[in-house]
Amino acid sequence: MSGGPPLSSPLRLSAREILALVCDSFDELAYPARESAPDGPLSWPGYGASRARAAERTGETEAVVCGTARVGGTRAVLIAFEFGFLGGSLGERTGDRLEAAYTYAREHRLPVVALVATGGSRMQEGMPALTQLQRVARQSALTRQAGLAQVAVLRDPTTGGGWATLGAGADVVLAMAGAQVGFAGSRVRPPDADPAAYTAEAQVAAGSADAVVEPGALRETLGRWLRLLTRPSQEPAPVPRVLGAVDLPATGWDAVRRARAPERPRADAYLDAYFTVRAAIGGDRCGGTDPDGMLCGFGEHQGRTVAYAAQTGAATRPAGYRTATRLIRLADRLGIPVLTLVDTPGAANDAEAERQGAGAAIAELFGAVATARTPVTTLVIGEGGSGGALALAAPGRTWAAPDSYFSVIAPELAAAILKRPPEEVEATAGQLRIRPQDLVELGVVRTDLP
């Protein structure tokens, strides 16, 4: 068990206290019975006495409390870890409770929320305890296949196998501010390890968690996420209302100039106008984020949930493409329509982007859009720069704003490849036929724009 603040602090709330913090109501599930030796499967001397002391100290008989609850009006299955019970460690009986909770969620079509605070697997039970991670991973995978959302709240501490299954394996990962989060617990890290790397804030910065949440905002934040993730719809997302110019550009170069104009409305303006409520996901779960190039999340539009992936006008980095892929695959699994906003001069093409796997990241996004069963709606709101923009566009369901363009390559680069002098860039833009009306004639975008 790692050291840290006392159990009554906001970071070390008991299982019952964290449930009271987030739930409108809570009904505990009946737990499966298991016969086991007094000192567990390893006959570890004193293990039975340790369990008895933990039960007396916490009032619990295991390291997790499971039940159904309403959070912000949405019914869900909640799993709350009791860190005071042997460090919230996972043993065979813990696995029994977790499996029962996930099974109940699938049988009743409910999302799962894991309020995680654990030091890992229970040493006194040896390998039988460690194999509970496989058991939990299977239950999570079956729940994912059933099209049900999973949200994790990382409390202090979230380490070891609990982080690597219930935490990092969730669809949306919220981390309590100041919590210790990492695969390695405080007592097993290298002595020279930077403690700042094992925090909630560091995991968000690395793209392994979506947001840091203060205790006072947890109920509202969790309730918002559950509402957004539990409203499937088969209807496509409506095309956003155009916010910028309404007249069409006269020439190809005019289209380029307007799309690059600093005053043109960007993704944030479109998302604010389109959604009454939205919640962002962040990170590609591979160690990367691209907050300056790609905005992803879920929002409410006219009473329905719509997922969004929106380029910001900057060159999109590999992490941005991977985050968009994650967003589209999650929305597809939950049956939620997707809106994409195209606006990039192209994919980032510096050496670091190549080292981060730009080509593979773009390929994955192409595949996610191409195979999505949920409808995807696309509006080009600015620059449509080559394949880095096309990867986010829905075939057959793409529209273009009047102050946008879409091109196989930037006019300047096309002129350079053709060995034309700079003064021929404008004429080259016209030859590429990149204006919205050109794209309509070419069959690339649709005409029925609101």
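Residues numbered from 1 in each chain as written. Predicted model: local features only at pLDDT ≥ 70, side-chain atom pairs only at ≥ 80, totals over all residues. Heavy atoms only, no water.

- If you look the protein chain up in an unreviewed UniProt entry, it shows as Acetyl-coenzyme A carboxylase carboxyl transferase subunits beta/alpha from Streptomyces bobili.
- The record in UniProt for the protein chain states the following under Catalytic activity (unreviewed entry): "N(6)-carboxybiotinyl-L-lysyl-[protein] + acetyl-CoA = N(6)-biotinyl-L-lysyl-[protein] + malonyl-CoA". (UniProt positions renumbered as here; feature names shortened; annotations may be inferred.)

Examining the environment of A54
- The topology assignment puts A54 in helix 2 (residues 47-58).
- For the pair A54 and L130, spaced 76 residues apart in the sequence, the C-alpha separation amounts to 20 Å.
- In this structure, A54 is in contact with G59, G84, F85 and L86, ignoring residues within four places of it in sequence. (Helix = DSSP H or I, 4+ residues; strand = E, 2+ residues; numbered from the N terminus. Contact = heavy atoms within 4.5 Å.)

Notes on the pairing of strand 12 (residues 338-344)
- Counting buried positions along strand 12 yields seven of seven residues, so the element is predominantly enclosed.
- Here strand 12 shows two buried faces, one formed by V338, T340, V342 and T344 and the other by L339, L341 and D343.
- Bridging between strand 11 (residues 304-311) and strand 12 involves four bridges; their strand directions are parallel. Residue Y308 lies in a different strand from strand 12, and its bridge partner there is L339.
- Considered for its hand, the β-α-β crossover made up of strand 11, helix 11 (residues 318-334) and strand 12 is right-handed.
- Examined bridge by bridge, strand 12 and strand 13 (residues 376-385) share six bridges and lie parallel to one another. The residue bridging T340 from the neighbouring strand is T378, located in strand 13. (Buried < 20%, exposed > 50% of the residue type's maximum accessible area, 1.4 Å probe, protein only. Pairing = 2+ DSSP bridges. Right-handed = clockwise from strand over helix to strand, strands pointing away.)

Overview of the UniProt feature "domain: CoA carboxyltransferase C-terminal" (unreviewed entry) in the protein chain
- Annotation from UniProt places "domain: CoA carboxyltransferase C-terminal" (unreviewed entry) at residues 241-450.
- Helix makes up 38% of residues 241-450 and strand 21%, with an end-to-end C-alpha separation of 6 Å.

Quick notes on the nonpolar core
- Among the nonpolar cores identified, the biggest contains 70 residues, and L78, L115, L222, F298 and L327 are the most heavily contacted of them.
- With seven residues, helix 11 is the single largest residue contributor to this core.
- Those residues in contact with L327, other than ones at most four positions away along the chain, are I281, C296, G297, F298, A307, Y308, A309 and V338.
- Core analysis: the next-biggest nonpolar cluster, separate from the first, contains 20 residues, C66, I79, A117 and L166 among them. (Core = buried A, V, L, I, M, F, W, Y, C linked by side-chain atoms within 4.5 Å.)

Concerning the packing of helix 3 (residues 92-107) against helix 5 (residues 132-145)
- For the pair helix 3 and helix 5, the least separation of the axes is 10 Å and the interaxial angle reads 5°. Of the possible angle classes, the one that applies to helix 3 and helix 5 is roughly parallel. Counted together, E92, G95, D96, L98, E99, Y102, T103 and R106 of helix 3 and Q132, R135, V136, Q139, S140, L142 and T143 of helix 5 form the full contact between these two elements.
- For the contact of helix 3 with helix 5, the per-class residue count stands at four nonpolar, six polar and five charged. (Axes fitted to C-alpha atoms, helices over the stretch in contact; angles between N-to-C directions. Parallel < 35°, antiparallel > 145°, perpendicular 65-115°, else oblique. Nonpolar A, V, L, I, M, F, W, Y, C, P; charged D, E, K, R; others polar.)

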